[in-house]
Amino acid sequence: MPSPEKTNITRRKFLDLGFKGYAGAQLAQTVPITLISACAQIEQGGQTVHGVCYHDCPDSCSWTVTVRDGEVASFGPNDQNPFTGGSLCNKMEKFPLDVTYHPDRILTPLKRVGRKGAGEFEPISWNQALEEVSVKLKGLITAYGAESVLPFGYAGTQGLIQGSVMSNRFFARMGSSLLGATICGSTAVAGNTLVNGQTLGVLPEDILHSKYIVLWGTNTLHSNVHLWPLIQQARRAGARLIVIDPFESATARASDWHIQPMPGTDVALALGIMYVIIKEKLHDTDYIEKHTLGFEELERHVAGYDPETVSQICDLPVSAIKAFAREYARGRPSLIRILVGMEHNRNGGDAFRAVSMLPSLTGAWREHGGGLMHMTYELAGQALNYERVNLHESMRKGESRTINMVELGKALTSAGTDPPVKALFVYNTNPVVTMPNQNLVRQGMEQEELLTVVLEHFITDTAKYADYIFPATTQLEHWDVVDSWGQTYINLNQPAIPARGESRPNSEFFRLLAEKMGYTEAAFREEDLEIAKSIFQTDHPYMEGVTFEYLRQHGWARYKVPEPWLPHREGNFGTTSGKCEFYNPGLAVQGVGPLPEYKKVPYSQTQIENFPLQLLTIKSTRWFLNSSHANVSRLQKAEGAPALDISRADAEQRGIADGDKIRVFNENGEMLVPARIGNRTRKGVVCLPQGFWPSLLEGGSSANALTNDWLADLGGGSALQDTRVEVEKS
Ligand SMILES: Nc1nc2c(c(=O)[nH]1)N[C@H]1C(S)=C(S)[C@@H](COP(=O)(O)OP(=O)(O)OC[C@H]3O[C@@H](n4cnc5c(=O)[nH]c(N)nc54)[C@H](O)[C@@H]3O)O[C@H]1N2
Ligand SMILES: Nc1nc2c(c(=O)[nH]1)N[C@H]1C(S)=C(S)[C@@H](COP(=O)(O)OP(=O)(O)OC[C@H]3O[C@@H](n4cnc5c(=O)[nH]c(N)nc54)[C@H](O)[C@@H]3O)O[C@H]1N2
Ligand code: SF4
Ligand SMILES: [Mo]
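Computed from a prediction, not measured in an experiment: that's the story for all the values here.

Caption draft 1: Representation of helix 5 (residues 186–196) within the structure. Counting buried positions over the 11 residues of helix 5 gives 9, a clear majority of the element. For helix 5, the set of buried residues is Ser186, Thr187, Ala188, Val189, Gly191, Asn192, Leu194, Val195 and Asn196. In this fold, the buried residues of helix 5 make contact with helix 14 (348–362), strand 13 (371–373), helix 15 (377–383) and strand 21 (580–581). At the exit of helix 5 stands Gly197, carrying a positive phi of roughly 75°.

Caption draft 2: Representation of the side chain of Thr434 in the model. Summarising the element assignment, Thr434 is placed in helix 18 (residues 431–434). The buried category is assigned to Thr434, whose relative accessible area is 15%. Residues within four places of Thr434 in sequence aside, it is in contact with Ile183, Thr429, Ser627, Gln690 and Asn704.

Caption draft 3: View of the layout of surface pockets. What the second largest pocket holds in volume is close to 400 Å³. The two domains that each donate at least three residues to the lining of the second largest pocket are domain 2 (202–373 + 570–590) and domain 3 (605–729).

Caption draft 4: Structural context of the sheet that holds strand 19 (residues 489–493). As summarised here, the arrangement of the 3 strands in space is 18-19-20, forming an open sheet in which the pairing is antiparallel. What marks the edges here is a single partner per strand, and that holds for strand 18 (480–482) and strand 20 (556–558). Adjacent strand axes in the sheet meet at a mean angle of 15° when their direction is disregarded. Note: strand 19 against strand 20, 3 bridges, orientation antiparallel. Bridge pairing in strand 20 places Asn491 opposite Trp556.

Caption draft 5: Structural view of the site of ligand 3. Cys53, His55, Cys57, Asp59, Ser60, Cys61, Cys89, Lys91, Met92, Val225 and His226 make up every residue found near ligand 3. In terms of residue class, the shell around ligand 3 is built from 6 nonpolar, 3 polar and 2 charged.

Caption draft 6: Highlighting the domain arrangement of the chain. Taken domain by domain, the chain consists of domain 1 (16–161 + 392–563), domain 2 (202–373 + 570–590) and domain 3 (605–729). Relative to domain 3, the C-alpha centre of domain 1 lies at a distance of 29 Å. Contact residues are listed per partner, giving 32 residues for domain 1 and 34 residues for domain 3. Where domain 1 abuts domain 3, roughly 2500 Å² becomes buried across the two surfaces, and 49% of that area is made up of carbon and sulfur atoms.

Caption draft 7: Here's a closer look at the pairing of strand 3 (residues 71–77). Counted residue by residue, strand 3 has 6 buried out of 7 residues, so it is predominantly covered. Strand direction decides the pairing type here: strand 2 (residues 62–68) and strand 3, joined by 6 bridges, are antiparallel. The residue bridging Arg68 from the neighbouring strand is Glu71, located in strand 3.

Caption draft 8: Examining the packing of aromatic side chains more closely. Applying the stated criterion to the full structure yields 27 aromatic pairs. Measuring from centroid to centroid gives 6.0 Å for Trp479 and Phe548, while their planes differ by 45°, and the two rings are tilted. With Trp479 in the loop between strand 17 (468–471) and strand 18 and Phe548 in helix 22 (residues 548–554), this residue pair connects regions lying 69 residues apart in the sequence. Ring geometry for Phe624 and Phe692: centres 5.1 Å apart, planes at 80°, overall edge-to-face. Highlighted residues: Phe624 in the loop between strand 22 (613–618) and helix 24 (633–639) and Phe692 in the loop between strand 26 (685–689) and strand 27 (724–729), separated in sequence by 68 residues. Comparing Phe624 with Phe692 shows no difference in burial state: the two are buried. These aromatic residues form a ring-pair network of at least three members: Trp126, Phe170, Phe171, Phe425, Tyr427, Phe470, Phe509, Phe510, Tyr519 and Phe524. In this structure, Arg504 is placed above the aromatic ring of Trp126, and the distance from its NZ or CZ to the ring centre is 4.5 Å. Stacked on the ring of Phe665, the Lys or Arg Arg663 has its end atom at 4.0 Å from the ring centre.

Caption draft 9: Structural view of the packing of helix 9 (residues 266–279) against helix 11 (residues 295–302). The interhelical angle for the contact between helix 9 and helix 11, taken along N-to-C directions, is 110°, at an axis separation of 9 Å. As the angle between them shows, helix 9 and helix 11 are arranged roughly perpendicular. Facing Leu271, Met274, Tyr275 and Ile278 of helix 9, the residues of helix 11 in contact are Phe295, Leu298, Glu299, His301 and Val302. Partitioning the contact of helix 9 with helix 11 into residue classes produces 7 nonpolar, 1 polar and 1 charged.

Caption draft 10: Structural view of empty space enclosed by the protein. Tallied over the full model, the rule gives 4 cavities of 30 Å³ or more. There is about 90 Å³ of room inside the second largest cavity. In terms of lining residues, the second largest cavity is bounded by 13 residues, among which Cys53, Cys57, Cys61, Cys89 and Met92 are the most central. Of the residues contributing to the lining of the second largest cavity, the split by class is 8 nonpolar, 3 polar and 2 charged.

Caption draft 11: Focus on the sheet that holds strand 12 (residues 334–337). Strands sit in the order 10-9-8-12-13 across an open sheet of 5 strands; the sheet is parallel. In the strand order of this sheet, the two ends are held by strand 10 (257–259) and strand 13, each with one partner. Neighbouring strand axes in the sheet, compared pairwise and without regard to direction, differ in orientation by 20° on average. As paired elements, strand 8 (residues 212–216) and strand 12 share 4 bridges and run parallel to each other. Along strand 12, the bridge assignment pairs Val214 with Ile336. Against the sheet, helix 9 engages strand 8 and strand 9 (240–244), with an angle of about 155° to strand 8.

Conventions and cut-offs
- Residue positions are given per chain, counting from 1 as you read along its sequence in written order.
- Throughout, the order in which chains and ligands are written sets their labels, letters from A for the former and numbers from 1 for the latter.
- Local features in this predicted model are restricted to residues whose pLDDT is 70 or higher, and side-chain atom pairs enter the listing and the counts only when it is 80 or higher, whereas totals over whole chains, interfaces and linings include all residues.
- Hydrogens and water are ignored here; the side-chain numbers use all heavy atoms of the structure.
- For the exposure calls, accessible area comes from a 1.4 Å probe over protein chains only, and a residue counts as buried if that area is under 20% of its type's maximum, exposed if over 50%, partly exposed in between.
- Under the DSSP-based scheme used, a helix requires at least four consecutive residues in state H or I and a strand at least two consecutive residues in state E, with every element numbered from the N terminus.
- The contact definition used throughout considers only heavy atoms, calling two residues in contact when any of these lie within 4.5 Å.
- Site definitions follow a grid-based scheme: protein atoms alone, a 1 Å grid, a 1.4 Å probe that fits but cannot get out for cavities, and for pockets an open set with protein on both sides within 12 Å along at least five of seven lines, plus lining residues having an atom within 4 Å of a point.
- Grid points are joined across faces, edges and corners, and a volume is the space filled by probe spheres set on the points.
- Residue ranges assigned to the domains are those given by an automatic or database domain assignment.
- Strands are treated as partners if at least two bridges between them are detected by DSSP.
- Lines fitted to C-alpha atoms define the axes here, with helix axes fitted over just the stretch in contact, and angles between the N-to-C directions of these axes take values from 0 to 180 degrees.
- We call a residue near a molecule or strand as soon as one heavy atom of that residue lies within 4 Å of the molecule or strand.
- Gly counts as polar in this scheme, as do all residues outside two lists: the nonpolar Ala, Val, Leu, Ile, Met, Phe, Trp, Tyr, Cys and Pro, and the charged Asp, Glu, Lys and Arg.
- A 1.4 Å probe defines the accessible area here, and the buried area is the portion of it lost by two parts on being joined, summed over both.
- Pairing of aromatic side chains here covers Phe, Tyr and the six-membered ring of Trp, requires ring centres within 6.5 Å, and sorts the geometry by plane angle: under 30 degrees stacked, over 60 edge-to-face, intermediate tilted.
- Only when the NZ of Lys or the CZ of Arg is both within 6 Å of the ring centre and within 35 degrees of the ring normal is a charge said to sit over the ring.
- Orientation labels follow simple angle bins: below 35 degrees gives roughly parallel, above 145 gives roughly antiparallel, 65 to 115 gives roughly perpendicular, and whatever is left gives oblique.

Rendered as structure tokens:
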């Protein structure tokens, strides 16, 4: 998840070693024999190279590769790292075979020959492809202005260099439209930050000190796997584990108590808990007086959220609301772990806001292991040389409009987009699968006159719409620096093997295209290695003794943060007042209420009448990371086919039996899947897994074919969980 501070820089060289002059027109590659026995454990012998996982995942695991004769001989976790050592996750344990050496990997530039979306391409040389793209681009900029160009890059790699350093320079120099990169974390961060001024709170390791752990809308077992063993350790030492999730996730099943509210009602639940805590005088008056603002307004406000009212909104028993409030206030140290799970709805920002207040109400911050655990990217923002990362900011001349990625379909198809989007550059993301309103996105991308350029490893469902695809290197083939949004380590990724085929790092693509565009600034001549080094030119105490050379030898380092880490024992919140702000009258100018509140979702009458079930589309996949790896047969087999989770009551009402093939549909689209009847969802709610590629499913649609491209209440994020559907036997 890219944070406001996370942006980047770069330049060209090391990868000359990767320019192998790949001549063949075939895409099929053979897997080197040495690999068949590799990919599990680190062997002795060969050269050892340190690296780090690139995925948009809070863990950012350190890995070690041994290399023989320019090929990967073995691959596994860097066991020296105390947080991520031991194992990589199931998704990544065979990464070299599953991605880098996968036979379907794109190894030459490709030019479209069929209709858009058909996936028919022929190889083309880098030089010719860049020449053609630059000529078309110059023509579009002359005719429609630079804002007609939309960069669409996201966190498919979290590396600062391949993520955005050079692409940001390129698009800043051009003066293209800006992308509102809001699909993940924006709403969550906005909510917490309004209250606490920051997202950094309790550090993951300190969960060991917690005695009452609440995982609020996060599926730790799948999405944050290296935090789970610490939670288990805390439980062995007596901690109680509560999961609040409308879906019975793997994590919910493994908890001591699963509280299952209606989706999008967490703000009411949190306010109801406050009601009980205040009424029963379980709040910490001393902490509140010293370190918070607006308690009286909050107290008045929560009077409207008594347990009976909240019980109606959340569809939870009054007794559960009261019991949870008492347990939470008394169980000390108490920790609430939030990530992003509850953000994708119209009440999402206010839910994060309300939940983020709870530790200040009870004074949980006073204790080691007590408080709120959320993101950690602020550590990197402070510790690293972000002036270098953000060099592009000085390169942009004038203002440019921002297009919100959540509204990609609308931006491409609406007559009101002025200037119209005429060129789309997609890198590190697969929007046809991952953005809401899939059919509108596809309709936009089908337009013949739109120039679409995609940088990728595979011909994804998005790349199928490209005019030109450029082959990108994988994490085993390029330099990068990866900070983390979920833990306390910084990693350097070194290339282990030469770039395969004609693949090149994203940074190199942008350097080469800059040259063709006539952009002569020195910023476009900086090499990846130089950029990596520059990011570590810092004298911040968190980085004491951690230099580029140190990381080259070891791969990872933990930020040298003060111990014990008790960020808000004495207040010290990141707000302008320095206090936890329960009440904020200044927000009215932004159209935001001074206190968080539950609002009914304004569904249309048709949506209410014709589509009675609320649809959750969640990243419940254990073997994919968003849409990444959903094309790899080993991982497909392990994951199994998608199914719609439905309650027995809703299924019986529609004459649906377990395993029946059904059609899930609404105004946006439809999806064909078998039904899975059980207790995973509550009555009135159905659930589909997100991440499957539509082209690989019967019917050619996946979960986002159904989702609305509505915006959440804060941070410009997506309200894609505010979607209603009907289901029937197909
Ligand atoms: N295996 C695997 N791991 C992943 C990913 C993946 O796709 N697969 N994706 C990665 C990414 S990009 C991210 S951002 C993280 C996300 O990790 P998490 O923050 O854990 O978020 P999600 O997996 O989106 O959702 C977590 C849970 O939130 C629940 N939820 C949905 N709506 C609500 C609500 O209104 N209220 C509450 N209380 N809960 C709700 C869902 O049912 C789900 O079980 O995971 C990362 N890790
Ligand atoms: N319905 C629904 N939709 C969702 C969500 C949900 O919960 N429900 N979750 C949302 C969330 S939290 C997120 S973060 C987004 C994620 O959505 P995306 O950002 O689209 O993530 P991925 O689907 O994994 O796609 C990342 C792509 O980057 C490519 N890639 C990786 N490394 C490199 C590289 O070095 N160079 C290049 N050029 N490409 C690279 C991979 O091959 C992959 O195709 O999805 C969102 N969409
Ligand atoms: S996907 Fe996450 S858990 Fe798996 S190896 Fe990468 S960073 Fe670690
Ligand atoms: Mo995400």
